[in-house]
Amino acid sequence: EVQLVESGGGLVQPGRSLKLSCAASGFTFSDYAMAWVRQAPKKGLEWVATIIYDGSSTYYRDSVKGRFTISRDNAKSTLYLQMDSLRSEDTATYYCARHSHWELGVMDAWGQGASVTVSS
Amino acid sequence: DIQMTQSPASLSASLGETVTIECRASEDIYNGLAWYQQKPGKSPQLLIYNANSLHTGVPSRFSGSGSGTQYSLKINSLQSEDVASYFCQQYYDYPYTFGAGTKLELK
């Protein structure tokens, strides 16, 4: 069974940093591109970043470029999101998602989410 | 960025009814379109990809259609477990973008 378990969320002050982790199991992690998608309270879904299977390429939405870094450790089957210079508008539930093997942009498995609140 | 306009924002339907949700892209996305279902308090789940391909394990009462800039999700014979929010997503180009969602409730 595919499992994605996020951790590392919490309350953080504006301008500070936070690092999310996503532990993957039930599939060969190193074969798949992975993504982070966020959802602000009572709002829709917003793609944040994608990293391809070997970590050699990464993609970000403009609003997080230069502040967030997506990375992975294939030996540990773990995905990360380093979030620096956090802003109130980054407050959201952050989901780790697996990209489909055959349709890269499709996200065919999702974690339960990690809540991030940016507030003083 | 490609804008995804989803309608309606909310929908109320009876058990057994057929419902349709629409999604319009701001440019041609060449069938690079997925639909997700999100039940209250849960994470999203993939329903449809490539505009009309049913994801493994998804009931056949769900179907997708469309091309170019216009796409739709149809749910036949609505069941109580279909109460959820539904989101379209284009993956033709970065940044991937989602529609604002449709909240489906039972009448």
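That block above? That's the structure.
Residues numbered from 1 in each chain as written. Chains lettered and ligands numbered in written order. Predicted model: local features only at pLDDT ≥ 70, side-chain atom pairs only at ≥ 80, totals over all residues. Heavy atoms only, no water.

1. Points about the pairing of strand S11 (residues 114–118) of chain A
Note on strand geometry: in a regular strand, side chains alternate between the two faces of the sheet. Residue and element names in this part refer to chain A. Burial along S11 is one-sided: the face carrying Ala114, Val116 and Val118 is buried and the face carrying Ser115 and Thr117 is not. Two elements, strand S2 (residues 10–12) and S11, share three bridges in a ladder whose sense is parallel. Residue pairing across strands places Gly10 opposite Val116, the latter belonging to S11. Where strand S9 (residues 92–99) and S11 come together, three bridges link them in antiparallel fashion. Pairing of Tyr94 across the sheet is with Ala114, part of S11. (Buried < 20%, exposed > 50% of the residue type's maximum accessible area, 1.4 Å probe, protein only. Helix = DSSP H or I, 4+ residues; strand = E, 2+ residues; numbered from the N terminus. Pairing = 2+ DSSP bridges.)

2. Thoughts on the environment of Leu11 of chain A
All names here are of chain A. Relative to the helices and strands, Leu11 is located in strand S2. The spatial distance from the C-alpha of Leu11 to the C-alpha of Ser120 is 8.9 Å, given a sequence separation of 109 residues. Once residues within four sequence positions are removed from consideration, Leu11 is found in contact with Thr117 and Ser119. (Contact = heavy atoms within 4.5 Å.)

3. Topic: the pairing of strand S7 (residues 62–67) of chain B
Residue and element names in this part refer to chain B. Sheet analysis places S7 next to strand S8 (residues 70–75), joined by six bridges and oriented antiparallel. Opposite Ser63, over in S8, you have Lys74 as the bridge partner. Between the end of S7 and the start of S8, which pair antiparallel, lie two residues, with Gly68 showing a positive phi angle near 65°.

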